Amino acid sequence: MLQNTADASALAGASALPDDVRTSRARARDYIARNPALAGPVEPLAIEPGRWERGRFVPTDERPNALRVVVMRNEDLFFAPVLGIRNANIRAVAIATHGAGAPRNIMLVLDVSGSMAARGKWERARSASTSFVDMIEDTGNGSLVGVVFFDGNIVLRESLTDDFEDAKDWIDQGKLGSGTNIAAGLSAGWQESVNPATMNPTAAPVVILLSDGRANRTGGQSAECINQGPASAVICEANLASQNGEPVTVHTISLGRDADLPLMEQVAGITGGEHYHAPTPEELEDIFAKIAQDGPLRLVQ
């Protein structure tokens, strides 16, 4: 189909953004040339870099986060000859985004166990998280943010929302408890990221899981993960997230020397996310900023 060619060429080109506009155009053009539609050659009418902001495409070569591709094919019309029309030019349009321009349904899953009180960990985590929400709001790309806290239990503080001030208020109100039930936090986070009642259907589901300790509690996880140990239940939830109809990407942040790095690395690996280790709380701001900028490659039109 002509639309498939437009979609795939836009994705191929957008993968080079925002750093290399020339390569972006070349990749899209090369894909079109090498992959004609079944009915014949395809002509690229436009290959435009731009910015995807607030649901609309704005052409620009300045730090673009999106690529619009317009293709055309001349197609024979089966019934039209009786009307004196033998063929027509058919068009297809696709827009792909990359980096911070790609919309995401982001759930922040934050450890509020008692150990987060030490060495200013919670204060830094709270500050980095609220700064992250500001960065997501600034993209204006339709991304949503929600918040889950976990200690020995879980609290869904904010469902996916575009009320970013409200999300930040909930983060500021986080209270530390006891215990570390990572499985329950991850379960609540990934399921809310794909909740049809609250999600942006054009956005990619993403969880950011932050913990400074080792899983030592269970309860509240998915039915498939009941009767498993604390760490095994975390892996079970990661597998469920990766096997969802729209797979959920989980980025993990291990904070401090007592975090379970192998477990957090495994969760990120299973779900196609990135694992970050912050030896001290001071690294959190940079880690959250990097995640804010490294959005997925995604079709938005």
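Provided above is the structure to which this section pertains.
Residues numbered from 1 in each chain as written. Predicted model: local features only at pLDDT ≥ 70, side-chain atom pairs only at ≥ 80, totals over all residues. Heavy atoms only, no water.

**Student:** Any chance you could break down a negative patch on the surface for me, citing the residues and the numbers?
**Tutor:** A surface patch of like charges, here negative, comprises E137, D138, D162, D163, D169 and D172. Of all the secondary-structure elements, those providing two or more residues to the negative patch are α3 (121-139) and α4 (164-172). Looking at the secondary structure, you find D169 in helix α4. (Patch = residues over 30% accessible without salt bridge, like charges linked within 9 Å, V, L, I, M, F, W, Y side chains within 5 Å. Areas by Shrake-Rupley, 256 points an atom, 1.4 Å probe, with all protein chains shown as cover. Salt bridge = Lys/Arg side-chain N within 4 Å of Asp/Glu carboxyl O. Lys, Arg positive; Asp, Glu negative; His and termini not counted. Charge placed at Lys NZ, Arg CZ, Asp CG, Glu CD. Helix = DSSP H or I, 4+ residues; strand = E, 2+ residues; numbered from the N terminus.)

**Student:** Summarise the sheet that holds strand β7 (residues 154-161); cite the residues concerned and give the values.
**Tutor:** Note on sheets: strands pair through backbone hydrogen bonds, and any given pair is parallel or antiparallel. Within the open sheet, the six strands sit side by side as β7-β6-β5-β8-β9-β10. Their pairing is mixed. The open sheet has two edge strands, β7 and β10 (275-278), and neither has a second partner. Going across the sheet, the axis of each strand differs from the next one's by a mean of 15°, ignoring polarity. Summarising the sheet, strand β8 (residues 204-211) and strand β9 (residues 249-255) pair through six bridges and their orientation is parallel. Across the sheet, residue I208 finds its bridge partner in β9, namely H251. Contacting β8, β9 and β10, helix α7 (residues 261-271) crosses the sheet at an angle of about 165° to β9. (Pairing = 2+ DSSP bridges. Axes fitted to C-alpha atoms, helices over the stretch in contact; angles between N-to-C directions. Contact = heavy atoms within 4.5 Å.)

**Student:** Let's hear about the side chain of T271: which residues, and what values?
**Tutor:** Counting through the fold element by element, T271 comes out in helix α7. Within the structure, T271 has its side chain in polar contact with the backbone oxygen of V267 (distance 3.0 Å). The residues touching T271, leaving out its near neighbours within four places in the chain, are A238, A241, S242, V248, T249 and V250. (Polar contact = N/O pair within 3.5 Å; in protein donor to acceptor, adjacent residues only side chain to side chain.)

**Student:** So, the packing of α3 against helix α8 (residues 284-293): which residues are in play, and what are the values?
**Tutor:** Relative placement of two packed helices is described by the angle separating their axes and the distance separating the axes. Running from N to C, α3 and α8 point in directions that differ by 25°, and their axes come no closer than 9 Å. When the axes of α3 and α8 are compared, the pair comes out roughly parallel. Helix-helix and strand crossings are classified by hand; for α3 and α8 the assignment is right-handed. Across the interface between the two elements, K121, R124, A125, S127, A128, S129, S131, F132, M135 and I136 from α3 touch L284, E285, F288, A289, I291 and A292 from α8. By residue class, the composition of the contact of α3 with α8 is 10 nonpolar, three polar and three charged. (Parallel < 35°, antiparallel > 145°, perpendicular 65-115°, else oblique. Left-handed = near helix turned anticlockwise from the far one by under 90°. Nonpolar A, V, L, I, M, F, W, Y, C, P; charged D, E, K, R; others polar.)

**Student:** I'd like to hear about the pairing of strand β5 (residues 104-111), residue by residue, with values.
**Tutor:** For a regular strand, side chains alternate in direction, first toward one face of the sheet and then toward the other. Of all eight residues that make up β5, eight are buried, and the element is covered over most of its length. Neither face of β5 is left uncovered, since the one carrying R104, I106, L108 and L110 and the one carrying N105, M107, V109 and D111 both have all their residues buried. The pairing of β5 with β8 spans seven bridges and is classified as parallel. Along β8, the bridge assignment pairs N105 with P205. Here β5 pairs with strand β6 (residues 144-150) via seven bridges, running parallel. From the neighbouring strand, V109 faces β6, where its bridge partner is V148. Handedness of the β-α-β unit built from β5, α3 and β6 comes out right-handed. (Buried < 20%, exposed > 50% of the residue type's maximum accessible area, 1.4 Å probe, protein only. Right-handed = clockwise from strand over helix to strand, strands pointing away.)

**Student:** I'd like a description of the layout of surface pockets, backed by residues and values.
**Tutor:** Empty space left among the atoms is revealed by rolling a probe the size of a water molecule over them. In this structure, the largest pocket encloses a volume near 250 Å³. As for the largest pocket, its lining consists of 15 residues, of which P18, R51, R63, A100 and Q293 are closest to the centre. When residues of the lining of the largest pocket are traced back to their parent elements, those giving at least two are α3 and α8. Residue contributions to the lining of the largest pocket peak at three residues, all from α3. Here the lining of the largest pocket is composed, by residue class, of five nonpolar, six polar and four charged. Volume-wise, the second largest pocket comes out at about 180 Å³. If you go around the second largest pocket, you meet 13 residues; those closest to its centre are A204, V206, T249, H251 and P296. Secondary-structure elements contributing two or more residues to the lining of the second largest pocket are β8 and β9. In terms of residue count, β8 provides more of the lining of the second largest pocket than any other element does, three residues in total. Here the residues of the lining of the second largest pocket are counted per class, giving five nonpolar, four polar and four charged. (1 Å grid on protein atoms, 1.4 Å probe; cavity = no way out; pocket = protein on both sides within 12 Å on 5 of 7 lines; lining within 4 Å. Points joined across faces, edges and corners; volume = space filled by probe spheres on them.)

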